[in-house]
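Residue-level structure breakdown
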Amino acid sequence: MNIGGVLQLLRGLAVAGLLIAAGATPLRAAPDPLDHDIERLLSLPAAQDPRVVRGLEALLAQAEPPTQPKLLMFLGLMQASRSDRSAAQAYIERLQGMGTPEAKIALAVLRAAMEPHAEAAKRWLLEAQRDLSPAVGDLVRFRLLNDLSFVHEETGRLDEAVRSRLQAIETADRMGNVRRGALTRGALAWTYMNMHQLSAAHEVVGRALKQARTLNNSEVLAQTLNNQAFIEAESGRPAEGLKAMNEAIALVEQSGDRSSLALFLANAADFSLKSNDPNTAIRLSERALHMGRELADQPVIGVALANRAMAKIMLKQFESGKADLAEATKLDDELGQLHQKVSRLQEAAGYLEGAGDLPGALTLYLEHRPLADRLFKDKQQQVILELQADFERSERQRELRLLHEEAALQAASLEGEKLQERTWLAIANAATMTLGLLIWLWRQTRQANQQLAQINAQLLVQSECDPLTGLANRRRMAQIMVERHSDGRWHGCLMLIDLDHFKRINDRYGHAAGDAVLLEVSRRLTASVDAADLVVRWGGEEFLIAAHAASTEDAERLAQRVLDSLCQAPVRHEQQSIPVTASIGYACFPMGPNLLTLPWERAIDLVDTALYLAKAHGRNRAYGVHTRDITREADLLAVASSLEEAWRSGRIDLQLRQGGTAAHPNEAAA
């Protein structure tokens, strides 16, 4: 090796050692001038779309072949957003003739945008993600990750949506693209809100707003304010939410962006619903619906129809409201938006119950249950918390890393000057430094492996526990069935418990109070069962007890004990007293004259139906399922979907246990 090569090696070792020691990442490359020109066009208001298309076409006419795929992709996306499928297809055909990695990703992104169904779009994007390589530029990489995050959210994979959004934020920050960084942070905050991670949602949307207000772009600011509005409302601060929403609407009205205005009007209708103003909600929904149909904007149409449905139900216009809801959920099916459909069914069931249509509410609850189960992901909450922690560390250390990088480069420069003066000594130092670096790396690797083993052990425990209450979760329940019951059938009592009007608790007292209620309920349930029984946080405000009750009489006593333990005293939180009751469904297995058992998941479906009957018949009660003349498993499975009819026809008995009067808040001190 010549002297120049040695000097280059030593300079590299010096920089590498300093960067590793500081935990720094390499400096980002200089931004591509073409990317800057593309972003300048794409950041123009939506009303100037024709100008954007002309500008992109002008750039394409001058572009070298390696840079053409991203231009073709954005041109195709512009045409797809304008519902000009033939024009978009022409860009797809041009991309098909290119074989570069970036062209393949751009083609997949454009094909996904042309798919009306979210699952079909996701297949294109996931296939493209597998082909993602360093040869793909940041602008195309960002678009892929961003689109992936949206289809993951639409299909109910919120954990994967968070993962993709964090990667998209990292890419936007690496590009120095504040506009995309603000929009993606706002979307991430929305996802956290949907997962009830409200503290994370607040922090992230705050950063998004800080970025958005530095831009001269009303659409970005309006979109971020829209997200903030819902997060504030979900956190029990409707006045702050309404203020943010009104600012967002004013901004889009000024910009002339009809698509965003239609969506924000539909969203504002939701605020009117929460404020008990159904007439204003109908007026806003109908205005949004008219604009959405003019623009052929299916998501806006769905939101407007759903909100109009809720408002009509509040006004006891049941048939018309249900028709709007059916149209909205049919649209969800066409778009593959399962998460949206589940939310709408649950919300509408609550409005029907509040308006006095209990049979209608029960019908929607029963439709909602199997769909909600499909959406459930056992480790989703834990994964999101872990990703959020990583994200927080990354955000707080970003500025520090940049300082470290600058110091590392300065140190490397000084080191290079010294090496030029003392060449032969440097060669000797190189060997020593290399050996030292290798030893250091070996020690760091060993320490990291030890820490990883500890973390994996902790995560194994955490993955089987609910992070809020410390109770077992669904994963733990499934594992117990595998470990203890080789046939997958439960022998004993299964009891499903759902807290009554839990959303009202969150809305009235705040989410911190809601968490306090869940913690206290978990304590009371644990105190109500034997040590050998299992209490599970089944999801949201639902709990499951898997008890080794020897008889139906034991199960009935347990149900009464649970009802009484919940309603006997309000939950104390700060200066508030919160009354709590629950609806319960339960059954004992083996059941009936032929000692029937069921697969444990199907057994839970049966008691879940009994739970919803308890809700529909007044709440604060438990229904236990007993068979009279059912002797076949298939017949027992069939009654789960028509439990009330089987009860009224005498094929089964429903044993009622009534809870006492919920303690009034003023009785807390007694």
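Structure: above.
My aim in this report is to walk through the structure given alongside it, one point at a time. (Residues numbered from 1 in each chain as written. Predicted model: local features only at pLDDT ≥ 70, side-chain atom pairs only at ≥ 80, totals over all residues. Heavy atoms only, no water.)

Notes on the packing of aromatic side chains
Which entries qualify depends on this criterion: In summary, the pairing rule links any two rings of Phe, Tyr or Trp, Trp by its six-membered ring, whose centres are within 6.5 Å, and it sorts them by plane angle into stacked for under 30 degrees, edge-to-face for over 60 and tilted for everything else. The numbering of helices and of strands both runs from the N terminus, where a helix is a DSSP run of H or I of at least 4 residues and a strand a run of E of at least 2. Under the scheme applied here, a residue whose accessible area is under 20% of the maximum for its type counts as buried, over 50% as exposed, and between as partly exposed, the area being computed with a 1.4 Å probe on protein chains only.
In the structure shown here, the tally under the stated rule is four aromatic pairs. Ring centres of tyrosine 623 and tryptophan 647 lie 5.9 Å apart, and the angle between their planes is 55 degrees; on these two criteria the pair is classed as tilted. Of this pair, tyrosine 623 sits in strand S7 (residues 621-627) while tryptophan 647 sits in helix H28 (residues 643-648), and the two are 24 residues apart along the sequence. Judged by its relative accessible area of 26%, tryptophan 647 falls in the partly exposed class. Taken together, the ring pairs in this structure connect Trp190, Phe230 and Phe271 into an aromatic cluster.

Here we look at the pairing of strand S2 (residues 534-539)
Here is the rule we go by: Being paired, for any two strands, means DSSP has found at least two bridges between them.
Taken across its six residues, S2 has five buried, putting it largely inside the fold. The pairing of S2 with strand S3 (residues 542-547) spans five bridges and is antiparallel. Paired with valine 535 across the strands is isoleucine 545, a residue of S3. Two successive antiparallel strands, S2 and S3, enclose a turn made up of two residues, where glycine 540 displays a positive phi of approximately 60 degrees.

Looking at the side chain of glutamine 560
Rule in force here: By definition, residues are in contact when any of their heavy atoms lie within 4.5 Å.
Tracing the backbone shows glutamine 560 in helix H25 (residues 552-567). Not counting the four nearest positions on each side in its chain, glutamine 560 is found in contact with Arg657 and Gln658.

Considering the sheet that holds S7
Adjacent strands of a sheet form backbone hydrogen bonds with each other and so pair up, either parallel or antiparallel. For clarity, the threshold we go by: Orientation is described by lines fitted to C-alpha atoms, with helices fitted over the stretch in contact, and by angles between N-to-C directions that extend from 0 to 180 degrees.
In spatial order, the strands read S2-S3-S1-S6-S7-S8; together these six strands make up an open sheet with mixed pairing. At either end of the open sheet lies a strand with only one pairing partner, and these are S2 and strand S8 (652-658). Strand-to-strand twist of the sheet, defined as the mean angle between neighbouring strand axes without regard to direction, takes the value 20 degrees. Strand direction decides the pairing type here: strand S1 (residues 492-499) and strand S6 (residues 582-589), joined by eight bridges, are antiparallel. Within the sheet, the bridge partner assigned to leucine 499 lies in S6 and is alanine 582. Helix-sheet contacts for helix H24 (residues 511-528) involve S1, S2 and S3, and the interaxial angle to S3 is about 10 degrees. Most of the contacts of helix H26 (residues 600-616) go to S6, to which it runs at about 140 degrees, and overall it touches S1, S2, S3, S6, S7 and S8.

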